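Understanding the architecture of this molecule
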Amino acid sequence: MADSSNTGYAYPTPGRLFWHRLRTHWKETIAVIRSVADWTVLLYMLIPGALLGGRLYYGLWKEPLPQWSSHMIFGVIPVFLLLWLSAGKMFLMIREADVLFIHQRVRWLRGLMLRGGIYSMIATALKAGAGFLLVLPFMVRRYGISLDAAWCWLLFTVMAGGLMVWLKHFARIRAHGWRRWLLYLPMVVLPAAGYVVLSVWWIDSPSWLAAASALLAVINVLLLLVRMRTRGTFMNDIQEELVQRTKLTGLVLSSAMDKPRKIRSRPWIFRRSQRLFRSTTSVHRLAGACVKAYVRQTKQLTGYAQVMSLSAAILLTLPPGVKILVYAALHLLLAYWLYLNAAAFMKEGFVTMLPWEDEVKLGAMKKAVRMLLAPYALVTSGLLLFSMLPVWAAAVVLIPLALAAVWITVTLLQLMMLRKI
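Model, not experiment: these values are computed from the prediction. (Residues numbered from 1 in each chain as written. Predicted model: local features only at pLDDT ≥ 70, side-chain atom pairs only at ≥ 80, totals over all residues. Heavy atoms only, no water.)

**Let's talk about the overall build of the chain**
The criterion, for reference: By the criteria applied, helices consist of DSSP H or I runs no shorter than four residues and strands consist of E runs no shorter than two, each listed in order from the N terminus. Here, residues are in contact when the closest pair of their heavy atoms is within 4.5 Å. What sets the accessible areas is the Shrake-Rupley method with a 1.4 Å probe; for residues, cover comes only from the shown protein chains.
The helix and strand tally for the chain stands at 15 helices and 0 strands. Taking as baseline every contact in the chain between residues at least 6 positions apart, the subset at least 24 positions apart corresponds to 80%. A total of about 25,100 Å² of accessible surface is found on the chain, and carbon and sulfur atoms cover 69% of it.

Given below as structure tokens:
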């Protein structure tokens, strides 16, 4: 008969088992990261990135703030932190094999959940602290918020972030499909909206923020106790834990291989297959087909949106003298990427079945790239002009500049590089 100390087990207590699984989780995470890049490559990226980031952060405290911050209301800051914390995860450190033994040991299962919940709250607090340090210069220098109020607001953010992580976890283990999305409205969306509203109202009232933080801390503890006593969700817990553990692996694999494209009887975009150009020449018909093939691929549209978002962030943070050069370089990079996609389209089987002449293909690629580049040029031209000129002048020059950027970029790139593609 085994003694009460469980000396015959490799992990005689729930605490020992939790720390073993936590170390295993971090080893798996590091292994996934190392599968993408070696430590030497990461150091070459991290050290310059840390130095550049530190210099930029120092500039936020000692140098004039970016011009765009003068048009930013305070509500943008809690919304940013809310989005930053929205990817928070709840790790309970439960595994599939636990159904054989630990599922019957209530004390062990509660011990794992207790430690997993505390670990998830600590991770949420660290994540909130990192985001808070990023926005702190704007809070102090742009809005004149005292450090006492800022630190109380950080505590309020940490408690609110923990509450939303718990509520999202309960919604995910209680329902699936459309029922889960219905639960998200009262359990995720409404608390998130309340956090933003209360942050705006109480940012100058540290006492209210401290009182709300204390109340949220009690609610978080109660939710942890409720979670430890919740029964009948073990299989959902395992499924949710597996999703969280493999999320990073799925992200890495998604960049290495494409998902099989769904075959639909009718596409979602251009459902009636209408013409994009009035002309019916071979060049225009082939260019229209190229544009349709591009926008009907979710991966291409996602990449386009990511490039546009990154370009917007770059143009908003750079000094005026550098913006114009970066503006031109960004257009050349995106146009080159669009040319590569257009060239790949010209090699598709259904395109090569017809005897298109080289001049027709080159003309179609040129028109397709111009059409696809136009939305990007309009957005980036607006960001460039409205950050450097008066509003009326920027509105007048916006469309001519966007059209000129599209025409010059595509023509220049075709003269220099298209023959090599």
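**With respect to the environment of phenylalanine 74**
Within the secondary structure, phenylalanine 74 is located in the loop between helix 2 (39-62) and helix 3 (76-85). Separated by 125 residues in the primary sequence, phenylalanine 74 and serine 199 place their C-alpha atoms 9.1 Å from one another. Setting aside its immediate chain neighbours within four residues, phenylalanine 74 contacts Met139, Tyr143, Ile145, Ser199, Val200 and Ile203.

**Structural notes on the nonpolar core**
Condition: What is meant by a nonpolar core is a set of buried Ala, Val, Leu, Ile, Met, Phe, Trp, Tyr and Cys residues, joined one to another through side-chain atoms within 4.5 Å. Note on classification: 1.4 Å probe, protein chains only; a residue is buried when its accessible area is under 20% of the maximum for its type, exposed when over 50%, partly exposed between these limits.
By size, the foremost hydrophobic cluster in this structure holds 61 residues, and its most contacted members are Ile77, Ile94, Phe132, Met139, Trp153, Phe156 and Tyr195. Considering each element in turn, this core owes the most residues, 16 residues, to helix 5 (residues 147-174). Excluding its chain neighbours within four sequence positions, the residues that come into contact with phenylalanine 132 are Leu81, Met139, Ala150, Trp151, Trp153 and Leu154. Judged by nonpolar contacts, the second largest core, of 39 residues, contains Leu338, Leu373, Leu384 and Val410.

**Structural notes on the environment of glutamate 240**
For glutamate 240, the location among the structural elements is in helix 8 (residues 234-245). Relative accessible area serves as the criterion here: at 7%, glutamate 240 is assigned to the buried category. Measuring from C-alpha to C-alpha, the distance between glutamate 240 and lysine 89 comes to 9.9 Å, with 151 residues separating the pair along the chain.

**Thoughts on helix 7 (residues 206-229)**
We count it as follows: Expected span of a helix, by definition, is 1.5 Å for each gap between consecutive residues, and there is one gap fewer than residues.
A rise of 1.5 Å per residue sets the reference length of helix 7, with its 24 residues, at 34 Å; its end C-alpha atoms lie 35 Å apart and thus fit the reference within 8%. Restricting attention to buried positions, one finds in helix 7 the residues Leu209, Ala212, Ser213, Leu216, Asn220, Leu223, Leu224, Arg227 and Met228. Residues of helix 7 that are buried sit in contact with helix 4 (106-142), helix 5, helix 6 (178-202) and helix 8.

**Overview of a nonpolar patch on the surface**
The criterion, for reference: Candidates for patches are residues over 30% relative accessible area with no salt bridge; among them, like charges are joined within 9 Å and nonpolar side chains (Val, Leu, Ile, Met, Phe, Trp, Tyr) within 5 Å. By salt bridge we mean one thing: a side-chain nitrogen of Lys or Arg within 4 Å of a carboxyl oxygen of Asp or Glu.
On the surface, a cluster of nonpolar side chains totalling about 600 Å² of accessible area is made up of Ile324, Met388, Leu389, Trp392, Val396 and Val397. Of the residues forming the nonpolar patch, the biggest block, 3 residues, is contributed by helix 15 (residues 391-417). Checked against the element boundaries, isoleucine 324 lands in helix 12 (residues 320-346). Given the relative accessible area of 48%, isoleucine 324 is considered partly exposed.

**Considering the side chain of threonine 157**
Where we set the bar: Whenever a nitrogen or oxygen atom comes within 3.5 Å of another N or O atom, the pair is scored as a polar contact, on the condition that within protein one atom can donate a hydrogen and the other can accept it, and that pairs from neighbouring residues in sequence are kept only if both atoms are in side chains.
Among the structural elements, threonine 157 can be located in helix 5. For threonine 157, the side chain forms a polar contact with the side chain of tyrosine 195, separated by 3.0 Å.

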